[in-house]
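Below are the chains, spelled out letter by letter.
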Amino acid sequence: MGILQGLTEFLPVSSSGHLVMIQHFWKFNPESPELILFDLAVHVGTVASILFYYRRSFARFTGGLIRDVGDFNRLQIGIPWRFAILALAATFSTGVIYVISKKTIEDAFENHNFVSILWLVTAGLLLLTDRKYKTTRRVRQFTIGCALIVGVAQGFAILPGISRSGSTICVCLLLGLHRRWAGEFSFLIGVIAILGAALIKGMEFMALENTSMPWGPVVAGAIVSAITGFMALSLLIWAVRKAKLKIFAIYLVIASVVSLVYFNLFA
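Quick notes on the rules
- Residues numbered from 1 in each chain as written.
- Predicted model: local features only at pLDDT ≥ 70, side-chain atom pairs only at ≥ 80, totals over all residues.
- Heavy atoms only, no water.
- Core = buried A, V, L, I, M, F, W, Y, C linked by side-chain atoms within 4.5 Å.
- Buried < 20%, exposed > 50% of the residue type's maximum accessible area, 1.4 Å probe, protein only.
- Helix = DSSP H or I, 4+ residues; strand = E, 2+ residues; numbered from the N terminus.
- Contact = heavy atoms within 4.5 Å.
- Salt bridge = Lys/Arg side-chain N within 4 Å of Asp/Glu carboxyl O.
- 1 Å grid on protein atoms, 1.4 Å probe; cavity = no way out; pocket = protein on both sides within 12 Å on 5 of 7 lines; lining within 4 Å.
- Points joined across faces, edges and corners; volume = space filled by probe spheres on them.
- Nonpolar A, V, L, I, M, F, W, Y, C, P; charged D, E, K, R; others polar.
- Axes fitted to C-alpha atoms, helices over the stretch in contact; angles between N-to-C directions.
- Parallel < 35°, antiparallel > 145°, perpendicular 65-115°, else oblique.
- Left-handed = near helix turned anticlockwise from the far one by under 90°.
- Disulfide = S-S within 2.5 Å.

What follows is about the nonpolar core. Counting 53 residues, the largest nonpolar core has Ile50, Phe142, Phe185, Phe187, Leu236, Leu245 and Phe248 as the members making the most contacts within it. Ranked by residue count, the leading element in this core is helix H9 (residues 179-206), at eight residues. Not counting residues up to four positions away in its chain, the partners in contact with Phe142 are Arg82, Leu86, Arg137, Ala147, Val150, Cys172, Leu175, Leu177 and Phe185. Core analysis: the second largest hydrophobic core is formed by eight residues, Ile36, Leu37, Leu40 and Ala41 among them.

Here is the structure:
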């Protein structure tokens, strides 16, 4: 499950969709203390892989935020601060979508057929995006409105079957943002979103009783998810820059058909 989380958190195939299928297949209880803690651990592992992959970018970003503080007095906003403001706008709209649709999202995790259909939606979005060749918009040309739209896409990606990385990168590209910045923006807001999800899981775990756990499997899952997450992130960035997202769309179509056949005819 650590390998599965690490791969599917970043590849545009929906980690939550795959975990729902695994839980149905292995008869796991997603509300058990073991799975809540494990889910928290692998989310932390995937955040670590983002921070390591983009360590130079994050260092420049943080340094730029500190360096450019004085520019506000001259009403000048540098790229790092603009990036941060856009990320906060996207995170705000994600939070709004989550609050509005929380009950629908919880119900979706019980319906494997719904996951299969949403996989097809993600596949269609990936195919559509690969046809968008001109993506020349720079960060200074990316507006608050665009960021809010990306945040809405990330909000709907909480649904199992809709990929967070896929939906945010695709929407960025469809709005014309340069491929390099699309990836960096997606994973900047992804760190915030994944940490938010980890915080929610942590609060759920702390509220449970009798939560003594063997920590070996939990730590192993976090480490494995971090390693495989780094590999998956490298593959995704290559696919984004080379317009090869159709590879993942083909996989999703196959996964959707197989899951529909299995769960409706054999399970």
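Moving on from the coordinates now.
Right, let's get into the pattern of salt bridges. All told, the structure shown has two salt bridges when counted by the stated rule. A salt bridge links Lys246 to Asp130; the nearest nitrogen and oxygen atoms lie 3.3 Å apart. Of this pair, Lys246 sits in helix H11 (residues 246-266) while Asp130 sits in helix H6 (residues 112-130), and the two are 116 residues apart along the sequence. Take Lys246: its relative accessible area is 36%, and that puts it in the partly exposed class. For Arg180, the salt bridge is made with Glu184, and the minimal N-O distance between the two is 3.4 Å. Separated by four residues within a single helix, Arg180 and Glu184 lie in helix H9, roughly one turn from each other.

Once that is clear, we can look at the layout of surface pockets. The computed volume of the largest pocket comes to approximately 1,200 Å³. Elements represented by at least two residues in the lining of the largest pocket include exactly helix H1 (2-10), helix H2 (15-26), helix H3 (33-53), helix H5 (79-108) and H9. For the lining of the largest pocket, the element with the most residues is H9, which contributes eight residues. Grouping the constituent residues of the lining of the largest pocket by class yields 19 nonpolar, 13 polar and nine charged.

Glancing now at the packing of helix H7 (residues 144-156) against H9. Where H7 meets H9, the closest approach of the two axes is 12 Å, and the angle between their N-to-C directions is 55°. Between H7 and H9, the angle falls in the class oblique. Considering only the axes of H7 and H9, their crossing is right-handed. Within the contact between the two elements, H7 uses Ala147, Val150 and Gln154 and H9 uses Phe185, Ile189, Gly190 and Ala193. Residue composition of the contact of H7 with H9, by class: five nonpolar, two polar and no charged.

Before going further, it helps to examine the state of the cysteines. By definition, a disulfide links the sulfur atoms of two cysteines through a covalent bond. For the coordinates displayed, the defined rule picks out zero disulfides. Looking at the unpaired Cys170, the closest cysteine sulfur is the one in Cys172, lying at 9.4 Å. The structure places no disulfide on Cys172, whose sulfur is separated from the nearest cysteine sulfur, that of Cys146, by 8.7 Å.

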